[in-house]
Amino acid sequence: MAFRFTNVEFVRSAANRSGFLRDGRPQFAFAGRSNVGKSSVINRLAGRKNLAYVGASPGKTTQINYFLVDQSAYLVDLPGYGYAKVSKAEKERWGRLMENYFQDEGGLITVGVLIVDIRHKPTANDLIMHDWFRQTGCPEIVVANKLDKLKKSQVEPALALIRETLELTEEDLLVPFSAEKGQGKEELINLLNKACQ
Ligand code: GDP
């Protein structure tokens with residue numbers, strides 16, 4: 001079936017392995033550093049304003065949020081990383097949760113969606129997340145968000161820097177996106193569908 005993201009509903013949050021969902025539906029795992037616009041991208045895909053919480057507080061960084069897409073797939077909102085004000089204990093909780101998720105769910109992630117900021121070179125943490133997705137063997141789509149913040153002439157060099165830093169080949173998927181304006185939405189939905197075929 002095709003996922004058009006016409007009906008996206010919050011299902012549950014998981015703070016540890018016992019909360020992970022494993023019912024065989026495809027899972028689209030979304031990752032990105034805090035403030036990159038992950039919530040905004042999810043809201044844009046779902047066509048909703050406040051589905052995923054925009055500007056989540058540091059206390060919200062250690063939960064995985066599951067959303068059901070068109071009754072047939074899960075959008076998995078992995079906790080953001082790289083938030084400067086997070087305590088050491090919370091960083092450790094984040095690390096354990098991710099470790100469990102990637103070890104345990106390796107076979108379950110259908111597509112990894114790594115959201116980066118189109119204006120910046122991907123960070124060390126982005127690279128770690130990128131490696132985790134690669135290690136699971138799932139297809140990955142890199143979303144370069146905040147496209148609207150660049151002038152047209154800046155877009156190609158910015159995409160080239162992202163490709164170079166993440167060592168993407170020409171076949172690897174990189175989608176320029178604006179959660180603010182909606183650019184890239186159809187392409188991302190089409191790529192998520194293709195990855196499930
Ligand atoms: P999260 O922490 O990754 O979930 O990021 P949020 O979705 O909370 O977004 C962080 C900030 O970036 C907010 O002020 C958003 O309005 C802004 N933002 C997100 N996406 C875009 C975008 O595509 N363009 C612009 N101009 N701002 C964006």
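Structure first, text after, so check above.
In this text, all values refer to a predicted model and were calculated from it rather than measured experimentally. (Residues numbered from 1 in each chain as written. Predicted model: local features only at pLDDT ≥ 70, side-chain atom pairs only at ≥ 80, totals over all residues. Heavy atoms only, no water.)

Enquirer: Quick one: what's the story with the overall build of the protein chain, residue by residue and with numbers?
Expert: When helices and strands are tallied, the protein chain shows 5 helices and 7 strands. Starting at the N terminus, the α and β elements of the protein chain follow one another as β-β-α-β-β-α-β-α-β-α-β-α. Over its C-alpha atoms the protein chain spans a radius of gyration of 16 Å, differing by no more than 12% from the 16 Å that the globule rule assigns to 197 residues. Split into buried and exposed, the 197 residues of the protein chain put 49% on the buried side. Counting only contacts in the protein chain whose residues sit at least 6 apart along the sequence, the fraction spanning at least 24 positions is 76%. (Helix = DSSP H or I, 4+ residues; strand = E, 2+ residues; numbered from the N terminus. Rg over C-alpha atoms; globule rule 2.2 N^0.38 Å. Buried < 20%, exposed > 50% of the residue type's maximum accessible area, 1.4 Å probe, protein only. Contact = heavy atoms within 4.5 Å.)

Enquirer: Run through the pairing of strand 5 (residues 109-117), naming residues and quoting values.
Expert: Burial analysis of strand 5 places 9 of its 9 residues in the buried class, which makes it a mostly covered element. As defined by bridge partners, strand 2 (residues 27-32) adjoins strand 5 across 6 bridges and the pair is classed as parallel. Bridging from a neighbouring strand, phenylalanine 28 pairs with valine 111 of strand 5. In terms of handedness, the path from strand 5 via helix 3 (residues 124-136) over to strand 6 (residues 140-145) forms a crossover that is right-handed. (Pairing = 2+ DSSP bridges. Right-handed = clockwise from strand over helix to strand, strands pointing away.)

Enquirer: Lay out the nonpolar core with the relevant residues and their values.
Expert: Core analysis: the biggest nonpolar cluster contains 35 residues, and Ile64, Tyr66, Leu78, Tyr101, Ile118, Met129 and Phe133 have the highest contact counts within it. Mapped by element, the contributors of at least two residues to this core are strand 2, strand 3 (64-69), strand 4 (73-77), helix 2 (88-105), strand 5, helix 3, strand 6 and helix 4 (152-165). In terms of residue count, the dominant contributor to this core is helix 2 (5 residues). Residue contacts for methionine 129: discarding those within four places in its chain leaves Ala31, Tyr81, Trp94, Met98, Phe102 and Leu114. (Core = buried A, V, L, I, M, F, W, Y, C linked by side-chain atoms within 4.5 Å.)

Enquirer: Residues and numbers for the pattern of salt bridges, please.
Expert: Following the criterion strictly, the structure yields 7 salt bridges and no others. A salt bridge links lysine 38 to aspartate 77; the shortest N-O distance between them is 2.5 Å. Of this pair, lysine 38 sits in helix 1 (residues 38-46) while aspartate 77 is found in strand 4, placing the two residues 39 residues apart along the sequence. Where arginine 134 meets aspartate 172, a salt bridge forms, and the shortest distance between an N and an O atom there is 3.4 Å. Here arginine 134, found in helix 3, pairs with aspartate 172, found in the loop between helix 4 and strand 7 (173-176); they are 38 residues apart in sequence, far enough to count as distant. What you see here is one network of salt bridges that share partners, running through Arg33, Asp117 and Arg119. (Salt bridge = Lys/Arg side-chain N within 4 Å of Asp/Glu carboxyl O.)

Enquirer: Now, about the packing of aromatic side chains: what can you tell me, with residues and values included?
Expert: A full pass over the atoms with the stated rule returns 10 aromatic pairs. Plain terms: the ring middles of phenylalanine 3 and phenylalanine 28 are 5.6 Å apart, the flat faces sit at 85° to each other, and that makes the pair edge-to-face. In this pair, phenylalanine 3 is assigned in the segment before strand 1 (8-14) and phenylalanine 28 in strand 2, connecting sequence segments 25 residues apart. Residue phenylalanine 28 is classed as buried on the basis of its relative accessible area, which comes to 0%. Ring pairing ties together the aromatic residues Phe20, Tyr81, Trp94, Tyr101, Phe102, Trp132 and Phe133, which thus form one cluster. (Phe/Tyr/Trp six-rings, centres within 6.5 Å; stacked < 30°, edge-to-face > 60°.)

Enquirer: Break down unusual backbone geometry for me, with residues and values.
Expert: Located in the positive-phi region is phenylalanine 5, a residue other than glycine, with phi close to 60°. Its place among the elements puts phenylalanine 5 in the segment before strand 1. By relative accessible area, phenylalanine 5 is classed as buried at 3%. Positive phi, close to 65°, is recorded for glutamine 71, a residue that is not glycine. The residue glutamine 71 is located in the loop between strand 3 and strand 4 in this model.

Enquirer: Break down the environment of arginine 4 for me, with residues and values.
Expert: Mapped onto the secondary structure, arginine 4 falls in the segment before strand 1. According to the relative accessible area criterion, arginine 4 is partly exposed, its value standing at 37%. When the C-alpha positions of arginine 4 and alanine 46 are compared, they lie 8.9 Å apart, and in sequence the two are 42 residues distant. Among the polar contacts listed, one links the side chain of arginine 4 to the side chain of glutamate 186, at a separation of 3.1 Å. (Polar contact = N/O pair within 3.5 Å; in protein donor to acceptor, adjacent residues only side chain to side chain.)

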